[in-house]
Structures are given as C-alpha cells and as structure tokens.
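# Working through the structure, step by step
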Protein chains: 2
Amino acid sequence: MNVKRYLPLMDWLPGYGRSQAVNDLVAAVIVTVMLIPQSLAYALLAGLPAQVGLYASILPLVVYAVFGTSRTLSVGPVAVASLMTAAALAPLAQAGTSEYLIGAVVLATLSGLMLMAMGLLRLGFMANFLSHPVISGFITASGIVIAASQLKHILGVEASGHNLLEIVNSLAGSIGQTNGATVAVGAGALLFLLVARKRLNPLLRAVGLAPRLADILTKTAPILAVLVTTLLAWQLNLGAQGVKLVGQVPAGLPSLALPSLDWGLWQQLAVSALLISVVGFVESVSVGQTLAAKRRQRIDPDQELIGLGAANVSSGLSGGMPVTGGFSRSVVNFDAGAETPAAGAFTAVGIALATLYLTPAIAYLPQATLAATIMVAVATLIDLPALARTWRYSRPDFGAMLATILLTLAHSVEAGILAGVGLSIGLFLYRTSRPHSAVVGRVPGTEHFRNVLRHDVELCPKVTFLRVDESLYFANARFLEERVMDLVAGEPALKHLVLVCPAVNLIDASALESLEAINERLRNAGVALHLSEVKGPVMDRLKNTDLLANLSGEVFLSTYEAWQRLIGQSVAQRIIV
Amino acid sequence: MNVKRYLPLMDWLPGYGRSQAVNDLVAAVIVTVMLIPQSLAYALLAGLPAQVGLYASILPLVVYAVFGTSRTLSVGPVAVASLMTAAALAPLAQAGTSEYLIGAVVLATLSGLMLMAMGLLRLGFMANFLSHPVISGFITASGIVIAASQLKHILGVEASGHNLLEIVNSLAGSIGQTNGATVAVGAGALLFLLVARKRLNPLLRAVGLAPRLADILTKTAPILAVLVTTLLAWQLNLGAQGVKLVGQVPAGLPSLALPSLDWGLWQQLAVSALLISVVGFVESVSVGQTLAAKRRQRIDPDQELIGLGAANVSSGLSGGMPVTGGFSRSVVNFDAGAETPAAGAFTAVGIALATLYLTPAIAYLPQATLAATIMVAVATLIDLPALARTWRYSRPDFGAMLATILLTLAHSVEAGILAGVGLSIGLFLYRTSRPHSAVVGRVPGTEHFRNVLRHDVELCPKVTFLRVDESLYFANARFLEERVMDLVAGEPALKHLVLVCPAVNLIDASALESLEAINERLRNAGVALHLSEVKGPVMDRLKNTDLLANLSGEVFLSTYEAWQRLIGQSVAQRIIV
C-alpha cells in the first residue's frame, strides 16, 4: 500500500516555506471573513442552531488539508447540501429538537463514510451518472427553493415547506403577520448586498484598488451587512420589536463525540446521505478541477472522495453538518492567493477564534440578515438560460433537465435528482437502442462507400452493404436483427449481406448471439453474411467464438475488398439516387 | 388510422385457399395432440386446476390468429410463464382457493393490457433491456426450479416452495412419505419420455418414415404416456393406492366473465404482470422471428405486442391464465406445415372438442405423468454450457448471467430478472464510462495516424493527438476531462491538443459542456484545443453552440490536415516506441 497516495499532504508540506505561508495566511483571513456569515446562514437553512455551521467549519477544514488533493478548495457548509440536509431531516424530527441535531450529525458521518468507501473502492465514476443538465437543473431548482425558503425570515413570518409549492402556500397564509422592523432589516441588507455586488467592485477599482483586490473585497460585503445590522439590533434593541435574532450561541470549541449508533436512523438516512455525498462531490470536483487547471495542477477524484469523506466524518464527530467544497469561497481563496491546503487549516483557526470570542456579538445578529446573505448567494446558482441552451442543443437532455427542475420545485430535492438520473440513463439507452445505420454503396471510381440516401453511389442487387454506427450491445441487438431481416425481406434477389463495422467499438454477448441468429436466419434464406472493417480489439474477442467458424460468408479487412470479391468491376450496376 | 396495420389477418385471409386449409388442418391436429397434456401440466405447475390450461388454449389462439403477425407461432400456456404465475400468486392466496383463481385471471388480463399498451405506444424496444445472457440465465434457472418443483409429483409427496432452496428443503422433510405406486407411474413415464426423445426418432426413421414426420411424431410422445398411464390408472384403480389423479374436471367450454376489478389486487400484481409480459414477449418474438426468417417472412414486434396482449386479455375473460408463444410447439407447428395463423384457430377447435368430450378420461390422468412431461420439456430449457460460452466471451455479461441464475434459484424469479436487468445496464454504462482512447502519432511517410503504444510513429512534443473511441455522453464526459488534464499536466511543452473524433457518434449536452470546460482550461494553461474528423451529424449540432466560436484552436477535416498545419514536415520528431 502506498501511504503517500492517501496523504496528498506529503506532496507540499516538506517544501512548505515562508512565502507560501504568508500567501496562505492572507487568503485565510479573507475566506474567514466570508465564511463566518455563510456558516451561520447555512446552519439556519439546514434547520440547525447557528453554531453547528461554525463547528462544521473548523475540524473538517483541517482534515481536508491533510487528505484532499485540491490546493485551493474551500470546504465547509454550502447552500445546496444544507437544503438537502433540511429535506432529509424534516420527516424524522422537528427542527430545533435534539433528535434533529442527532440526525444532522449522523447524516454528516454517514455521507462521509460513504464518500470514503467510494474513494477506497475507486467508485468516483458513479458521480458521472449525474449528467450536466440534471446537475444544472437540480442546482437551479434548489436555488429557487432556497431563495423562497428565506422569504419568511425577510418578512418575519412563520412558514414551512420543503418544496416551492409548500413554501408559497405557507407564505400565502402568513403574509398578514409581516413584521415591519424585520422587513426593514432584511430588505435593507438585501438591497445593500445587491448594490454591493453590482457597484462596489467598480467603485473600489475607481478609487485605485487593484482589480483582483476589488473582486475579493466585493465578496466580503456580507460581513459588513452582518456588522451593521448586528450593531443596529443591539443599539435599537430590535429583538423587542419582533426582529428574530440568532440568539444565545454557546461560546467555545465543539466537543468531540461519537454519533448516534441507532441502526434504524442510519438506514432511514442512507438514501439522503448518498445523494448529498454525490451532489457534494460533483460540486467539489468541478470547482477543484477548474481551479487546478489554471495552475496546471491536477486533482485525483478518488482521493478527493477520501478527503471529502474524512472531512464529513470529522464534521460528524465534532457536532457539525454535511460539508463540501463551496464554489464562490474556493474562487475567493484562489484569487486571494492561497497556494496550499494550509490556507484551509488557517481558516479553521480563524473560525475557531470566532467561536471562542465572537459568540456574544453573534447573539444580536438578525436572522433576516443571514437570509439576505443566502438569497444573494443562491441567486448565482439559478441559471435559467441553461434551459434554453439545452433545448437548442438536445431535446432529450432538455427533457431530463426539465423533469429534474419541476420535480425538485414541486415535490422534493431527492425526487428531482433521482428522476433526472433515471431519465438521463433511460434516454441514453433509448438513443443507443436505435442506432444510426445506413445501406452504403461505392462512390464510383473510388474505394469509398457512402450512404445510398445521401450520395450517388453504385449498388448491386445481389449484394447489400449495411454500415452500423454504434457499438452493438443488448439494447440494440434485436434492432439489428430486425433491420437485417427487413432488408432481406425487401430484396428477393439478395445473395450477400456485408455488415460494415468501423464504428463498432464493442460487441457484447447479446449482440454476438444476435449476429449468430442473423447468420443462421440468412443462411436459411440463402443469403451469406460477411463482415468488413471489424476493429482489432473486437476481432480479438470474436476469435474466441463460434461465429467466425459458422459464418456463411467471409471477414474482409476493407469494404472495398468485399466489393471486389463479391461483385467485381464488371457486374456493378450504377444507380443514381 | 390504418386499420390494416392492426389486423394482420387481412394480409392472408382474403387469399386463403383449399391447399393452405389442408396444411393448416394437419398441423393443427398434431399441435392439438401436443397441447392437451402441456396445457394440463402447465396449469398444475401454475397451481391452477387442470381445466384452466385448456381454457387458456381456446379463445387466445383464435384472438392471436386475428391480431398476431407470426404465421406459425403456437400460443398457449408455457412453462416459464406458468412458474412466474405461481410465484406471483403465492403471496396472495393458497393454491386451489377461489382467490388464487381470481388472481390468475387478473394476472392474464393485466399482462394482456400491458402488452397492448406497449404495442400501441410502440414500446417494443423495452424488451431489449433484457440482454441475452440475462434471458438465458433466467430461463436456465427457471427450468431448474420447475424441474425441482415437479419432483414431489413424481415421488407422490407433499412439498412446496418457489425457489430451489425452499423446494429442496421441503422435499428433504417429506421424502420419507414417498408413494411407491406414484413413483412407478412417474418414473415410468419419465423413462419412456426420455427414451422416446433419444430413440423414437431414429426408430421411426429406420422403419421408413420421412425425417420431418419422424421429428413431429417424436414430439407427440407425451400423449402416448398420457394415454397409457390414464388407462392404467383407470384399470388398476391407482387412485386408491395413493396415486394422485387430475380428478374431476368440469366438462364444457369456459364461460366468459369480467375479471375482478379489485384495484388493490391489480396493484399488487402489476410488477409480476409486467415481468410476465416482457419475458413472454421476448420468448415469442425470438421464436417468431426465427421461424418467419426461414420463409423470408417478417413479424412486426409492435403488432406482436398487440396480438399477444389481446390473446392474454381474452384468456383472462375466458377464465384462463397468462399465455405466450411456446418454443417447441411453434417449431412443431411450423414443421408440420402450418401456413397461416388459421392453424392456431383450428387447434383451438381441437382443444374445445377435448374440453367437451375428453374430460371424463382426464379425471384418471395421474399427476405424476404430467410432472414427467414437464420435466422432460424443461430439460431443453436448461443451457449450462451457455455459462461457459459467456464466461469465455465476456466477463461482465457472465457476471450479469450468474447473478440472474443465482438469485432466481435462491430467491425468486422476479428478483433474478430484476437484478439481471439492473446489472447489465449498470455494466454497460460502466464500460462506456471509461472509453478507450489513445494518443496517436503519424505513421512515417503516410497520412495515417496510429496508437503510439502499438506502432512506431512520429510525434511532436508541442502537439498531442488524442483519439477517443466512443460517443461522448454524460457518463464519460468527466472521464474525458480527466484524461485531457492528465495529458496536459504531464507535458509541459504542449501547445496544441487535437481531439480525433471519427468514432464519436454522439455528443450530448454534458459532453458539450465538458468540451467547453476543456477548451477553457486548456486556454488558461496556454494550450489550443483542435478537433479533427468530426462526423457530419455531430458537426451539424455543434454548429448551434458556442463551442466552435470560442474554440481556441481549429476544426480540421482530417487529422493529416491538422498535422500539416500545426507541425509541418520539418519539425516532426521521430520517436520509436
């Protein structure tokens, strides 16, 4: 066993020097400032006490620095995983109860163990079954659901629901209880954040800041909103005016504890944990790869599974919630100059300090401010133009995407993603089950053969050349049988059928039996079956079978060779189609 | 709507003449003689009263003659569908009760309606998801379970169970109660049938019969066993000696009745009905296609669904059980000279006559004789060499086959077939998710490009040519990203990457985004991305996208063109691998 493979830390730690430490430290300070409000907000989104978000931003970051392969990924709570956590726990317990908290810890631990198992078994490819349109549709729909779920905090009303229909219904019933002071804080923070996003950056550049620094400072705007509204809430005693505050948060670092070992609970959360794992992994890997590529570094997806898995297990052990690599934070970390995962470990120190010394201030932080932070953050997730782009490029992909969006909005995140995965696999199988095939003829005077429907080619009624443009496997094996038998039924003079196979990358056992059946049926009908342009690896496997021995015709290296042998120049009959 | 498409009868009935009628009649007599014991035996196998098998062999045959497209398929009860019927009904009711009978009728009706719906929606391709190894493994395992389930009738003991483990366990407990007279009848019939199968055919040929006639008569041997043992049972009063007889069978034709409309029952039977439909359809279509091809006829799978569906619905309406096209009966029908589906209708008349006049004799028929008939018939289904063949040709296919067999034997027919389908789809996706790709170089002095690992080719450190041998879709899109980024990370001098795409039949939306991401990442790394040999239809779709506009490199018609443009003859560096 290669220990180094499982400890990517060994790649950079031995040569770690002063200049890298300084760069990592600067990045860590900026990311910490960004992560404090995010971690509190995503904990509330998940239905958990605010400190759980902080706990999930300490130990997991250190653990990821040891086991992760991305140099710049910023691990911690993220919006979509938090929504999925809330959806997974809702059927089990009421938010705020200790059962709910126990469930969150189990969910983090279980999804961490699943990720680690997938990594050790090298099952990273499983993430591939989430097609881009499904992921994109799912994240867009999740963004909409998350934004809608935060409206109650901005309005200061009670509402519930885990899909758009439920949330809208619930809001419609409680909109009358809107609290003015809360709206003032929430809408104010929202407006500030929206303006900051649009105007702060040009402003900072205008006053002479370097563009990169301006970009980074713009991303830290939420901490300003947090500071101002917290101060206001404290000074104006907004809590007494009905503005919900985060409230008493226990000071101090999380204590380590084993998660509940209730087997029934683990079973109930298994599917949710798997979905959170896979979605989180896909999000992490895509941002990690994008950033690594900019510096011609690379990440190892199987080791990433182990790194993220260990981070989640450590999150569970330290009273946290599911974590993964966040998109915008990682970009900030990268742009701020982080060079190694040590930046993540330094960020963890920053969050630990906040947990120790900032909790009294956090008590006065209005929930509406956090809701505004979330809404602005998830707005970037919502990508409706992707629907139009996908529609233009591919209708089947669009169908899978739309189904994912609609089911996520109208039913649940789990139904949405499962339907999307099922539909995209089904559509792919359907597409390949009716492969393109063409009767080809000889382009006069050449050795080339082209589709008779598109080109003027030479044909011979006694010999048909059929080109198949797909690997042959169980889903299209019978289709091939039908295609061939239809051809033969329609051409009474036929004596030879040549299957032209340059695009056949695989012939599985079903297709082999179909070819044997075709050979047998053609023989009964007095037609010889020939093959041409069979690829090397495919031919190697066919040599182990009876097909070649029983073949009523021959195997030709090139289609032109078959033409010469079976027809000859003289009898060819020119047909202009 | 084209009425004729849904009434294949119109193809042959208008020209139906005397010579065809004679041929059909002869075939019908022979098939009737074969079908009487089979229909009784399969009804008992399904746990139903013997007459249900007869009922299922009257109306369904007439209905199939109207709606089916195979000229020679012999529809009726078959072994595997009967086993599946027993397995489906076992959890609902005790065999022999009226609830059980009601269930069988609902199962036939429901699977008929499903088949018709699939036909009208042209969903015949769904049957393709049953790969050959899964079907073959399933039928082998079913044959073993069926043969084992009949042992109790041969031994004259009580036993139960719907998988091999249960049956063997149950038999082990009751073997002490073996009834001598029953064993004498059962083992005698078994021996006779086995000998008849091996020796009767050569004997008949030796006495001068035509080979085809000898083949046909050999297949009717079971009726001889039935006649002799029935006579013995009657004369020797074997019933009093503990030999179980078929017993009183109501004389007369079945009465028509609507099936139970208990919605709960329909829901409970839905999955079983679907599996029976699909398995029966696959069995029918493969024998139908084989026979049709011999006469250069063809069958229409979507219309077959309608024909088989209507036959099953009519079976349900007339108190029958699920039916489908049987393999050996259809071959006999064909060999006996049947020319049109009228032969099936004539067979129905024969069975109707048997129902009217032969039931008093059937009462004395020993169940052991029917069990022997079943065991000999299913012996031909068991194809263990197929396991070795599949192992040699393809390990993944072998895995799916073995899982199907083991689960069918050890758990249930439904678990076996569902696991097989799931596994074969999963394995196909896995295979295509790691497509073959090769870095290619120029064969010196030619325009050809081959794998650098297999051939002596020219390379250039500034330009890499990567050929991908698979359609690009969601399951392998990320694989391509990783492959490309690994390549780039390993070659610091690289300036150009050419993707060579002659085997890419499809680029779905996920792969398109991956290509866009690759293009972007390569641009950041200072590498230009080029494409070559993109197929026409793939190129047509790419033209609607931003990829081509944003491409950092060019699109070349041929790889050689890319070589000339990017390298030129002078700088090429020969590398002998």
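Source: prediction; values computed, not measured. (Residues numbered from 1 in each chain as written. Chains lettered and ligands numbered in written order. Predicted model: local features only at pLDDT ≥ 70, side-chain atom pairs only at ≥ 80, totals over all residues. Heavy atoms only, no water.)

## A word on the overall build of chain A
This is how the line gets drawn: Every helix listed is a DSSP run of H or I at least four residues long, and every strand listed is a run of E at least two residues long, numbered separately from the N terminus. The classification of residues rests on relative accessible area computed with a 1.4 Å probe and restricted to protein chains. Under 20% of the type maximum is buried, over 50% is exposed, and intermediate values are partly exposed. Any two residues whose heavy atoms approach within 4.5 Å are treated as being in contact. To be clear on the numbers: accessible area is Shrake-Rupley with a 1.4 Å probe, and residue cover counts the displayed protein chains and nothing else. Under this rule, positive means Lys or Arg and negative means Asp or Glu; His and the chain ends count for nothing. Charged side chains are reduced to one point each, which is NZ for Lys, CZ for Arg, CG for Asp and CD for Glu.
Per the secondary structure count, chain A includes 27 helices and 10 strands. Considering chain A as a whole, with its 577 residues, one finds that 57% of them fall into the buried category. Across chain A, contacts joining residues at least 24 apart in sequence account for 79% of those joining residues at least 6 apart. Accessible area for chain A stands at about 22900 Å²; split by element, carbon and sulfur atoms hold 64% of it. When the 38 positive and 34 negative side-chain charges of chain A are each reduced to one mean point, those points stand 8 Å apart.

## Remarks on the state of the cysteines
The term disulfide refers to a covalent linkage connecting the sulfur atoms of a pair of cysteines. Residue and element names in this part refer to chain A. Going by this rule: Here, a disulfide means two cysteine sulfur atoms that sit within 2.5 Å of each other.
This structure, assessed with the given rule, holds zero disulfides over all chains. A disulfide-free cysteine, Cys501 has its sulfur positioned 20 Å from the sulfur of Cys460, the nearest such atom. For Cys501, a relative accessible area of 7% gives the class buried.

## Details of the side chain of Arg521 of chain A
Tracing the backbone through its elements, the reader meets Arg521 of chain A in helix H23 (residues 509–524). Residue class for Arg521 of chain A comes out buried when judged on its relative accessible area of 4%. Residues within four places of Arg521 of chain A in sequence aside, it is in contact with Glu481 and Met485 of chain A together with Ser286, Gln289, Thr290 and Ala293 of chain B.

## Side note on the relation of the copies chain B and chain A
What relates the two chain copies is a rotation about an axis together with a slide along it. Stated formally: Each copy is superposed on the other by least squares, with the fit set by C-alpha atoms of residues at a pLDDT of at least 70 in both.
It takes a turn of 180° to lay chain B on chain A, together with a shift of 0.0 Å along the axis; the resulting RMSD is 0.1 Å. The transformation just described matches what one would write down for a two-fold rotation axis. Relative to the rotation axis, the closest C-alpha in chain B is found at Ala503 of chain B, a distance of 2.8 Å. Here 100% of the interface residues in chain B have copies in chain A that are interface residues too; the copies meet face to matching face.

## Considering the domain arrangement of chain A
Many analyses report the size of an interface as the accessible area lost when the parts associate. Heads up, the rule is: Segment limits for the domains were obtained from an automatic or database-derived domain assignment.
Here the domain parsing of chain A yields domain 1 (18–383) and domain 2 (437–575). Here domain 1 of chain A and domain 2 of chain A have C-alpha centroids that lie 58 Å from each other.

## Observations concerning a nonpolar patch on the surface
Residue and element names in this part refer to chain A. The following threshold applies: Exposure above 30% relative accessible area and no salt bridge define the residues that can form patches, which grow by joining like charges within 9 Å and nonpolar side chains of Val, Leu, Ile, Met, Phe, Trp and Tyr within 5 Å. Think of a salt bridge as a Lys or Arg side-chain nitrogen and an Asp or Glu carboxyl oxygen that are within 4 Å of each other.
On the surface, Phe192, Leu224, Leu227, Val228, Leu232 and Leu236 cluster together into a nonpolar patch covering about 520 Å² of accessible area. It is helix H12 (residues 221–235) that provides the largest number of residues to the nonpolar patch, a total of four residues. Looking at the secondary structure, you find Leu224 in helix H12. Leu224 gets classed as partly exposed once you look at its relative accessible area, which sits at 46%.

## Here's the deal with unusual backbone geometry
All names here are of chain B. Here Asn237, not a glycine, exhibits a phi torsion of approximately 50°, which is positive. Note that Asn237 resides in the loop between helix H12 (221–235) and helix H13 (263–294). You can call Asn237 partly exposed: its relative accessible area is 47%.

## Quick look at helix H18 (residues 367–379) of chain B
Residue and element names in this part refer to chain B. The following threshold applies: One less than the number of residues in a helix, times 1.5 Å, gives the span that helix is expected to have.
Its 13 residues give H18 an end-to-end C-alpha distance of 18 Å, which sits within 8% of 18 Å, the value for a rise of 1.5 Å per residue. The buried fraction of H18 is high, at 11 of 13 residues. For H18, the set of buried residues is Gln367, Ala368, Thr369, Leu370, Ala371, Ala372, Thr373, Ile374, Met375, Val376 and Val378. If you follow the buried residues of H18, they end up packed against helix H3 (18–45), helix H6 (79–89), helix H8 (132–155), helix H10 (180–206) and H12.

## What about the interface of chain B and chain A?
What counts, and what does not: Whenever two N or O atoms come within 3.5 Å, that pair is a polar contact, provided that in protein one can donate a hydrogen and the other can accept it, and provided that, for residues adjacent in sequence, both atoms are side-chain atoms. Following the grouping adopted for this structure description, the nonpolar residues are Ala, Val, Leu, Ile, Met, Phe, Trp, Tyr, Cys and Pro, the charged ones are Asp, Glu, Lys and Arg, and the polar ones are all others, Gly among them.
Every contact between the two is made by 66 residues of chain B and, on the other side, 66 residues of chain A. Where chain B meets chain A, there are zero salt bridges. The interface formed by chain B and chain A holds 12 residue pairs in polar contact (both at pLDDT 80 or more) in total. Contributions of two or more residues to the side of chain B that touches chain A are made by H8, H13, helix H19 (385–393), helix H21 (413–433), helix H22 (474–490), helix H23 (509–524) and helix H24 (536–542) of chain B. The element that contributes the greatest number of residues to the side of chain B that touches chain A is H22 of chain B, accounting for nine residues. The residue inventory of the side of chain B that touches chain A, partitioned by class, reads 29 nonpolar, 18 polar and 19 charged.

## A closer look at the pattern of salt bridges
All names here are of chain B. Per the stated rule, a full pass over the model turns up 22 salt bridges over all chains. Residue Glu520 pairs with Arg523 through a salt bridge whose shortest N-O separation is 3.6 Å. Residue Glu520 and its partner Arg523 are both found in helix H23; the two are separated by three residues, about one turn of the helix. You can call Arg523 partly exposed: its relative accessible area is 38%.

## Examining the pairing of strand S8 (residues 528–532) of chain A
Residue and element names in this part refer to chain A. Short version of the rule: Two strands are counted as paired when DSSP detects at least two bridges linking them. Here the term right-handed applies to a crossover when the path leading from its first strand over the helix to its second strand runs clockwise, the strands being oriented away from the viewer.
Of all five residues that make up S8, five are buried, and the element is covered over most of its length. Neither face of S8 is left uncovered, since the one carrying Ala528, His530 and Ser532 and the one carrying Leu529 and Leu531 both have all their residues buried. Of the strand pairs in this sheet, strand S7 (residues 496–500) and S8 are connected by five bridges, and their pairing is parallel. Bridging from a neighbouring strand, Leu497 pairs with Leu529 of S8. Each parallel crossover has a hand, and for S7 linked through H23 to S8 it is right-handed. In the sheet, S8 pairs with strand S9 (residues 555–556) via two bridges, with the strands oriented parallel. Counterpart to Ser532 in the pairing with S9 is Phe556.

## Considerations on the confidence of the model for chain A
All names here are of chain A. Quick reminder of the rule: Per residue, pLDDT measures the predictor's confidence, with a range of 0 to 100.
For chain A, the mean per-residue pLDDT works out to 88, and 98% of the residues sit at or above 70. A low-confidence stretch, residues 570–577 (pLDDT under 50), is modelled with 15 contacts involving residues beyond four sequence positions or located in other chains. In the predicted complex, the global pTM is 0.75; the interface-specific ipTM is 0.73.

## Section: helix H14 (residues 301–317) of chain B
Residues and elements named next belong to chain B. With 17 residues, H14 extends 24 Å between its outermost C-alpha atoms, agreeing within 8% with the 24 Å of an ideal straight helix rising 1.5 Å per residue. With 16 of 17 residues buried, H14 is to be regarded as a mostly interior element. The N-cap residue of H14 is Asp300: its side-chain oxygen and the backbone nitrogen of Asp302 are 3.0 Å apart. Positive phi appears at Gly319, one or two residues downstream of H14, with a value of about 70°.

## A closer look at the packing of helix H5 (residues 59–67) of chain A against helix H14 (residues 301–317) of chain A
All names here are of chain A. Stated precisely, the cut-off is as follows: Lines fitted to C-alpha atoms define the axes here, with helix axes fitted over just the stretch in contact, and angles between the N-to-C directions of these axes take values from 0 to 180 degrees. Orientation is classified from the angle alone, with under 35 degrees giving roughly parallel, over 145 giving roughly antiparallel, 65 to 115 giving roughly perpendicular, and any other angle giving oblique. Handedness of a crossing follows from how the near helix is turned relative to the far one, being left-handed for an anticlockwise turn of less than a right angle and right-handed for a clockwise one.
In contact at an axis separation of 8 Å, H5 and H14 are set at 155° when each is read in the N-to-C sense. The orientation of H5 with respect to H14, classified from their angle, is roughly antiparallel. Once H5 is placed against H14, the crossing between them reads as right-handed. Of the residues in H14, those touching H5 at Leu59, Pro60, Val63, Tyr64 and Phe67 are Gln303, Glu304, Gly307, Leu308, Ala310, Ala311, Ser314 and Ser315.

## Looking at the UniProt feature "domain: STAS" (unreviewed entry) in chain A
The following threshold applies: UniProt positions are given in the numbering used here, feature names are shortened, and annotations may be inferred rather than shown by experiment.
In the numbering used here, UniProt assigns the "domain: STAS" (unreviewed entry) feature to residues 453–566 of chain A. Summarising residues 453–566 of chain A: 46% helix, 18% strand, and an end-to-end C-alpha distance of 22 Å.

## Some details on the packing of aromatic side chains
One pair of aromatic rings is described through two measures. These are the centre distance and the angle between the planes. Rules: Two rings from Phe, Tyr or Trp (for Trp, the six-membered ring) form a pair when their centres sit within 6.5 Å of each other. Planes less than 30 degrees apart are called stacked, planes more than 60 degrees apart edge-to-face, and all others tilted. In our convention, an over-ring charge means Lys NZ or Arg CZ found within 6 Å of a ring centre and within 35 degrees of that ring's normal.
What the rule picks out here adds up to 19 aromatic pairs over all chains. Here Tyr473 of chain A and Phe474 of chain A contribute two aromatic rings whose centre-to-centre distance is 5.1 Å and whose plane-to-plane angle is 75°, an arrangement assigned as edge-to-face. In this structure Tyr473 of chain A comes out as buried when scored by relative accessible area, which is 1%. These aromatic residues form a ring-pair network of at least three members: Phe428, Tyr473 and Phe474 of chain A together with Phe428, Tyr473 and Phe474 of chain B. Across from the ring centre of Tyr393 of chain B, 5.0 Å away, lies the NZ or CZ of Arg541 of chain A, which sits over that ring.

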